[in-house]
Amino acid sequence: MVSSAPSKPAVISAYNTYASFSASVTEGCLAAFSLSDVSPGTYSEADGTQVYIADMVTMKISPSGLVSYTDPREEADETIGISVEHEAERALLSEKTETARRIAATLASKLPGGGGIYLMSVLENGDEAEIVFGRHINGIPVDMNASTYFVRVSLRGDMISDVRANLRGYDATSQSADVLSLRLAAAAVSGTDKRGDVSLRYADNGNTALSPSWFILTEKENENELVES
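One structure accompanies this document, and this report is about it. (Residues numbered from 1 in each chain as written. Predicted model: local features only at pLDDT ≥ 70, side-chain atom pairs only at ≥ 80, totals over all residues. Heavy atoms only, no water.)

## A closer look at the packing of helix α2 (residues 22–32) against helix α3 (residues 93–110)
In a pair of packed helices, the angle between the axes and the distance between the axes together describe the arrangement.
So, step 1. At a minimum axis separation of 9 Å, α2 and α3 run at an interaxial angle of 165°. With respect to α3, the element α2 is oriented roughly antiparallel. The way α2 lies across α3 gives a crossing that is right-handed. Along the contact surface, α2 presents G28, C29 and A32, while α3 presents I103, T106, L107 and K110. (Axes fitted to C-alpha atoms, helices over the stretch in contact; angles between N-to-C directions. Helix = DSSP H or I, 4+ residues; strand = E, 2+ residues; numbered from the N terminus. Parallel < 35°, antiparallel > 145°, perpendicular 65-115°, else oblique. Left-handed = near helix turned anticlockwise from the far one by under 90°. Contact = heavy atoms within 4.5 Å.)

So, in C-alpha cells, the structure goes:
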C-alpha cells in the first residue's frame, strides 16, 4: 500500500544497553552462544572489555556494547560450539540462515528497549557464508552506530565461526518527527545523477535522540546517502 499522507514516525531514544544493564546483557549473550552452562573462564582487558573463554571459544563484550564470538575449531562438540541443524549431508543456506536468525533473535530478546530485527544480506562463497541482520523501530531501519548492522554471523561449513553484535538499545518516544513526504523526497533526488531506492531510516550517530531521514541506496556505491538534511 502507498499512502499520500505525510509520515509521522516517532523520535527514538538510543543508548548503550551494556552500560546500564551489564549483568542481564552478559547473561543474554552467554545464553545466545550456548556458554551459560560451561562455566567459562573470564578476565578483563585494559580498556574494560570482558572476555569469556571456554576451550578455544571466546566471547568478548566491550564497554561500548560491541560483542564478538569466535570459534576457530573445525567442528563443535557436545557442550561447546554452535552447529547448524540439517537434514541432508550438508547444511543448506536456508538452514544456516535460520540458525543465524535464532542467534540474532535471542540477543534481541535479551535487550531492553523496543524494535525488531530484519535480514539485511546473505552471502555464500563455497564453504563459507555470512548472514547479516539489522534493527528496526516500527518498520523503519536503524543504521547502527559503530557497525551499521545489529548482528553479523559468519559460518565455516556447518559451524558458526564468528559473530559480531552491536548491543545498542532503542525506545520510541511520544514525540513525532517531521519528515518530508515520499513524493518530496523523490523530487529532491530527481534531476541529480543519483539512482536507487529511497527509504526512510534512522542514522544512529551516537546521539541520544534520533529522528528518521530519507536516504537513497545508490546503485554505484551500494551505500545509503542522505537525501535531505
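Resuming the write-up.
## A few points about α2
So, step 1. Looking only at α2, the buried set comprises V25, T26, G28, C29, L30 and A32.
So, step 2. Looking at the buried positions of α2, the neighbouring elements they touch are α1 (17–20), β3 (50–54), β4 (57–61), β5 (66–70) and α3.
So, step 3. Positive phi shows up at S34, right after α2, with a value of about 55°. (Buried < 20%, exposed > 50% of the residue type's maximum accessible area, 1.4 Å probe, protein only.)

## Comments concerning the sheet that holds strand β1 (residues 10–16)
So, step 1. Pairing is antiparallel across the open sheet formed by three strands, whose spatial order is β11-β1-β13. Looking along the sheet, the strands with just one partner apiece sit at the ends: β11 (168–176) and β13 (209–210). (Pairing = 2+ DSSP bridges.)

## Comments concerning the packing of aromatic side chains
So, step 1. Using the criterion set out here, one finds one aromatic pair in the structure.
So, step 2. The lysine or arginine in question, R135, covers the ring of F150, its NZ or CZ lying 5.2 Å from the ring centre. (Phe/Tyr/Trp six-rings, centres within 6.5 Å; stacked < 30°, edge-to-face > 60°. Lys NZ or Arg CZ within 6 Å of the ring centre and 35° of its normal.)

## Looking at the pattern of salt bridges
So, step 1. In the structure shown here, the tally under the stated rule is twelve salt bridges.
So, step 2. Taking the shortest distance from any N to any O, the salt bridge between R90 and D127 comes out at 3.3 Å. Here R90, found in the loop between β5 and α3, pairs with D127, found in the loop between β6 (116–125) and β7 (128–137); they are 37 residues apart in sequence, far enough to count as distant.
So, step 3. For R102, the salt bridge identified is with E98, shortest N-O distance 3.6 Å. Here E98 and R102 lie together in helix α3, a separation of four residues that amounts to about one turn.
So, step 4. Take R102: its relative accessible area is 35%, and that puts it in the partly exposed class. (Salt bridge = Lys/Arg side-chain N within 4 Å of Asp/Glu carboxyl O.)

## Some points on α3
In an α-helix, one turn spans 3.6 residues; hence positions three or four apart end up facing the same way.
So, step 1. For α3, spanning 18 residues, the distance from its first C-alpha to its last is 26 Å, which sits close to the expected 26 Å at 1.5 Å a residue.
So, step 2. Those residues of α3 lying buried are E95, K96, T97, T99, A100, I103, A104 and L107.
So, step 3. In the core, the buried residues of α3 are packed alongside α2, β6, β7, β9 (151–156) and β10 (159–166). (Expected span 1.5 Å × (residues − 1).)

## Focus on the nonpolar core
So, step 1. Grouped together as the largest cluster of nonpolar side chains are 46 residues, with contacts concentrated most on C29, F33, M59 and L107.
So, step 2. Ignoring any residue separated from it by four or fewer positions in sequence, one finds F33 in contact with M59, V67, Y69, I82, I103, L107 and V163. (Core = buried A, V, L, I, M, F, W, Y, C linked by side-chain atoms within 4.5 Å.)

## Section: the pairing of strand β2 (residues 41–44)
So, step 1. Pairing between β2 and β3: four bridges, direction antiparallel. Of the residues in β3, the one forming a bridge with G41 is I53.
So, step 2. The turn linking β2 back onto β3 is made up of five residues, and G48 within it adopts a positive phi angle of 95°.

## Structural notes on unusual backbone geometry
So, step 1. Phi angles above zero are rare outside glycine, and A146 is one such case at about 85°.
So, step 2. Located in the positive-phi region is T148, a residue other than glycine, with phi close to 70°.
So, step 3. As for its placement among the helices and strands, T148 is situated in the loop between β8 (140–143) and β9.
So, step 4. The exposure class assigned to T148 is partly exposed, which follows from its relative accessible area of 40%.

## Some words on the side chain of D162
So, step 1. Structurally, D162 can be placed in strand β10.
So, step 2. Residue classification places D162 among the buried positions, given a relative accessible area of 14%.
So, step 3. A distance of 2.7 Å separates a polar atom in the side chain of D162 from a polar atom in the side chain of R164.
So, step 4. Non-local contacts of D162, meaning those with residues more than four positions away in its chain, are made with Y69, T70, R152, V153 and S154. (Polar contact = N/O pair within 3.5 Å; in protein donor to acceptor, adjacent residues only side chain to side chain.)

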